[in-house]
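The lines below spell out each chain.
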Amino acid sequence: GNYLLTLITNSSNLGCADTIVKSVQVYYNPTADFTFNDVCFRDTVHFNNTSSVHNSTSITGYLWVFGDGGATSNAKDPSHYYSISGTYNVTLVSTTANGCSAVANFNIKVFDAPSNAFLFSNTCLFDSAVVTNSSANPPVGSIASWSWNFGDGSAINTSVWSPSHLYAAPGNYLLTLITNSSNLGCADTLKDTITVFPMPVANFGFVDVCLNQAMNFIDQSIVSIGSIASVSWNFGDGSPLDTNPITTHTYASPGSYTVSLIVSTNNSCKDTVTKTVTVHPLPDAEFSATRVCDGSIVTFNDLSTIPNTDSLQSWTWNFGDGSTLNNNQNTSHLYPTKGSYSVQLLVVSNFGCLDSITKISIVNPNPVVLFTANDTVGCEPLCIGFQDLSYIASGINVQWTWDFGEGNTASDPNHCYNNGSVVLPEFFSVTLTVTSDSGCISTLSKNNYITVYPNPNAGFAVAPQTAVITNPVISIIDASEGANFWTWNFGDGSDTVSAFNPLPHTYADTGTYTIMLVTSNQFSCLDTSYQTVIIEPDFLFYIPNAFTPNDDGVNDTFSGRGLVITKYEMTIFDRWGNLVFFSDNIDKPWDGRVNHGTEIAQGEVYIYSFKVTDFNMKKHEYKGVVTLVR
């Protein structure tokens, strides 16, 4: 308001006073004040001036001092950008039209955002991109939240600090990281471009092969961007890896193998392809051939084999004599002449794998059969020695079989023929079969080579076969066949007789005689027949009917008497059948005693029994009675 200000001054002398009055105007002071918000670094601070003064006065001037090194503003509501984060003392001086002023001071904070940083590597399609977040907390506070934008339209990731991400297609993607601090959510944004390289498409070409053939492998891999930088072959058989784009490999065994090709691009993207290759087995060519002789057909039998994964499809024969044959598994061939021929069999499998084998086929020569005989005509038995004159061009003859025309065979070249007739000659064909050491057989036959004249069949009968010396006459009846001439020898030194039926012959003495008949025919062939006749002594046996054992030297003993007796038994019984004497010696007669010679038998009739065997071992038995006279 307005006030009267009075000043009264008094002197030291008498207190003389003087008074002065002036009018003093007291104006209203303003109230300086403002509002603001703390900000994040690089954000502008907006100040809201809320200074006031009594409504009878107005504020006519403002002075802002922002506290960052002299920057000021006279605007009522200024904005200010701080170039450095920190705490700043901001002063507002508000001045009225009367020159009254007020000051307001506040501290304002400018917060730092987090310091974003992350690391990554460009990746290949189908490989996850791995991002390593290395962002740092602000000087004041900490990182409160973050978000990842992978640039491919996928959802924002706010949960994983260092995420992995799988891109669906190759290309360049803008990778964005936004972090927010715990103070005002101050944010930092960092962007970078990540490249997802395309994957190569691994592929290769090959052709299956036969065992022992090199298999060709050609890399056919492609990539849409970049180039194939390296390859690695795994042939599936334990062999070392191969890094040549075009290469060959020879497998040691037939079978199926899994081959893998790993290709890598200039951006280190890799792809693998696996294929199964087949190494087909080779046939094992083999055959058998029959050993033949000249003029015979050789039979060839295929014995070739191949594992059952494949099969044999064709056979080609080269017979070694300028002729060939295709597609016959088993065959035969007639060679023009004997000799050795180099035969080759070429077998081909269903895949075209082949093998061949060459063997020598031998056509052996046949024996050349020749023979002679030391005689070809004669009377039976006609014994002939045959001489083999056969030979062979190569090798040796080892077996000779003779067929002498009589229905059987022999290896002995000596043979005796007989004639089954007694009138007509017989003719025999001779065949010689010769076998070589190679089993070749040749035969030579000579028809009616041997002529065998018949022998007469000498024969005769005698009657009787045995006669006694008292009637030693033998009658002879000729029974010969085919004979024209006869000669008789009676075996007793008498002259021979030539007659068809000789007269009966009388022998002069006992004994055994062989009568021989020799006959001949018109071919001068002879036959002889023999008969044995026996002239025996005549058997006689005499038994007396009484004897007188009185030691007078006459009829003192009793016994039987006879000629040509070989066995003798005499038994004496009394009339009651009691044995009184026995003797088995014709020279031991009964002397009339009994009981082993200790007693003299009484004179009476006794019964005797004689058992006698003659020189023909014929037994004779006699029973009767004898009178002992005393």
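Structure: see above.
Presented here is a report on the structure given in the accompanying data block. These figures come from a predicted structure and were not determined experimentally.

The subject of this paragraph is the side chain of Ser147. Checked against the element boundaries, Ser147 lands in strand 15 (residues 143-149). For Ser147, a relative accessible area of 18% puts it in the buried group. Those residues in contact with Ser147 that sit more than four places away from it in its chain are Ile156, Asn157, Thr158, Thr176, Leu177 and Ile178.

Taken together, three strands build an open sheet; the order of strands is 26-28-31 and the sheet is antiparallel. In this open sheet, the two edge strands, each paired with only one partner strand, are strand 26 (287-289) and strand 31 (331-334). Looking at each pair of strands side by side, their axes are set apart by 20° on average, direction ignored. Sheet analysis places strand 26 next to strand 28 (residues 297-302), joined by three bridges and oriented antiparallel.

Further remarks concern the sheet that holds strand 17 (residues 171-181). An order of 13-18-17-15 is seen for the four strands of this open sheet, with the pairing classed as mixed. The open sheet has two edge strands, strand 13 (123-124) and strand 15, and neither has a second partner.

Looking now at the nonpolar core. Core analysis: the largest hydrophobic core is formed by 19 residues, its most contacted members being Phe558, Met570, Ile572, Trp590, Tyr606 and Phe610. For this core, the elements supplying multiple residues, two or more each, are strand 52 (565-573), strand 53 (579-583), strand 56 (605-614) and strand 57 (619-628). If one sorts the elements of this core by residue count, strand 56 sits on top with four residues. If we skip the residues at most four places from it in the chain, Phe558 touches Ile543, Pro544, Phe547, Met570, Ile572, Pro589, Trp590, Tyr608, Phe610 and Val626. Ranked by size, the runner-up nonpolar core spans 18 residues in total, among them Ala32, Phe66, Val90 and Ala104.

Now for the pairing of strand 42 (residues 460-463). Of the two faces of strand 42, only the one carrying Phe460 and Val462 is buried; Ala461 and Ala463 on the other face are not. The sheet contact formed by strand 42 and strand 44 (residues 473-478) spans four bridges and is antiparallel. In the strand pairing of strand 44, Val462 is matched with Ile476.

Cut-offs and rules
Residues numbered from 1 in each chain as written. Predicted model: local features only at pLDDT ≥ 70, side-chain atom pairs only at ≥ 80, totals over all residues. Heavy atoms only, no water. Helix = DSSP H or I, 4+ residues; strand = E, 2+ residues; numbered from the N terminus. Buried < 20%, exposed > 50% of the residue type's maximum accessible area, 1.4 Å probe, protein only. Contact = heavy atoms within 4.5 Å. Pairing = 2+ DSSP bridges. Axes fitted to C-alpha atoms, helices over the stretch in contact; angles between N-to-C directions. Core = buried A, V, L, I, M, F, W, Y, C linked by side-chain atoms within 4.5 Å.

That is the geometry; function is a separate question.
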